[in-house]
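For reference, the chains in residue letters:
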Amino acid sequence: MNIFTENNKNARVAICGSVGVGKTTIFRRLTDRQQEHEYCTTFGVDLGITDTKSSPFVITFYDFSGNPAHHDLTLEYIRRSNLLLMVYDVHDVSTLGRLGNLYQKYLNNGWRGNIILVGNKIDANVYTGVDNYTAKGAQFARDIRAPFIIISAKTGHGVDTLRDTILSSLKP
């Protein structure tokens with residue numbers, strides 16, 4: 001499906017996941033905003049736009065609150081997005097399980113676009129279960145036929161790979 005027309009070279013990317021998985025830090029990395037060193041909760045939706053030099057279009061990013069009370073608010077943004085970044089914490093398998101529930105909710109509400117699964121926080125000093133949780137992430141990605149990227153939004157490790165994967169997923 002070609003998501004662009006001659007006059008519309010804009011793409012919309014939605015970032016979703018549980019509270020505290022690093023969505024806002026990823027959002028800030030992708031939109032070249034200054035990183036904050038304190039945890040800052042997103043209420044509802046935050047919006048950022050980036051004009052990439054390596055692509056012919058402008059990308060609008062939607063950073064969604066991870067609070068389940070806000071999930072219904074995000075459904076319209078999801079339906080209008082070209083790409084969905086589903087983010088989980090590689091140290092907390094419950095955040096991956098909640099993505100499965102969100103995925104089903106989005107499908108039930110009309111989502112039919114591309115998805116990238118992102119395992120975040122590989123920089124953390126907690127090593128228990130990481131290999132198991134990344135293997136479960138890779139399996140979930142295969143199940144939903146999505147690319148799987150492991151990153152540290154905090155340090156920037158893997159963010160360039162994520163950006164490249166976003167651009168290739170959005171190519172007309």
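In the block above lies the structure referred to throughout.
Owing to the predicted nature of the structure, the values given are computational and were not obtained by experimental measurement. One numbering rule holds for all chains: residues counted from 1, following each sequence as written. Local features in this predicted model are restricted to residues of pLDDT 70 or higher, and side-chain atom pairs are both shown and tallied only at a pLDDT of 80 or more, whereas totals for entire chains, interfaces and linings draw on every residue. Calculation of side-chain values draws on the structure's entire complement of heavy atoms; hydrogens and water are dropped beforehand.

Topic: the packing of aromatic side chains
Operational definition: Here is the rule: rings of Phe, Tyr and Trp (six-membered ring for Trp) pair when centre to centre is within 6.5 Å. Planes less than 30 degrees apart are stacked, more than 60 are edge-to-face, and the remainder are tilted. Helix and strand assignments follow DSSP, with helices taken as H or I runs no shorter than four residues and strands as E runs no shorter than two, numbered in order from the N terminus. Burial here depends on accessible area, computed with a 1.4 Å probe over protein chains only, as a share of the maximum for the residue type. Under 20% is buried, over 50% is exposed, and the range in between is partly exposed.
Scanning all chains against the criterion turns up 2 aromatic pairs. Relative to Phe 148, the ring of Tyr 88 lies with its centre 6.4 Å away and its plane at 15°, an arrangement referred to as stacked. Taken together, the residues span a long stretch of sequence, with Tyr 88 in strand β4 (residues 83–89) and Phe 148 in strand β6 (residues 148–150) at a distance of 60 residues. Ring centres of Tyr 103 and Phe 140 lie 6.2 Å apart, and the angle between their planes is 85°; on these two criteria the pair is classed as edge-to-face. With Tyr 103 in helix α3 (residues 93–108) and Phe 140 in helix α4 (residues 130–143), this pair connects stretches of sequence that are 37 residues apart. Its relative accessible area of 15% is what places Tyr 103 among the buried residues. Classification of Phe 140 by relative accessible area gives buried; the value is 14%.

Brief notes about the nonpolar core
To be explicit about the condition: Joining through side-chain atoms within 4.5 Å is the link that ties buried Ala, Val, Leu, Ile, Met, Phe, Trp, Tyr and Cys residues into a set, and such a set is a nonpolar core. Only heavy atoms matter for contacts: two residues are in contact if any of them lie within 4.5 Å across the pair.
Within the largest apolar cluster, 23 residues are counted, with the highest numbers of intra-cluster contacts made by Leu 84, Met 86, Leu 99, Tyr 106, Ile 115 and Leu 117. Those elements giving two or more residues to this core turn out to be β1 (10–17), β3 (58–64), α2 (71–79), β4, α3, β5 (114–120) and α4. What Met 86 contacts, discounting residues up to four positions off in sequence, is Cys 16, Leu 99, Leu 102, Tyr 103, Ile 115, Ile 116, Leu 117 and Val 118. Of all hydrophobic cores here, the second largest spans 22 residues; its members include Phe 61, Ile 116, Ile 149 and Leu 170.

As for the pattern of salt bridges
The following threshold applies: Between Lys or Arg on one side and Asp or Glu on the other, a salt bridge is scored when a side-chain nitrogen of the former is within 4 Å of a carboxyl oxygen of the latter.
Taken as a whole and assessed by the stated rule, the structure comprises 2 salt bridges. Across the pair Lys 121 and Asp 89 runs a salt bridge whose closest N-O atoms are separated by 3.9 Å. With Lys 121 in the loop between β5 and α4 and Asp 89 in strand β4, this residue pair connects regions lying 32 residues apart in the sequence. By relative accessible area, Lys 121 is classed as partly exposed at 25%. A salt bridge links Asp 160 to Arg 163; the nearest nitrogen and oxygen atoms lie 3.1 Å apart.

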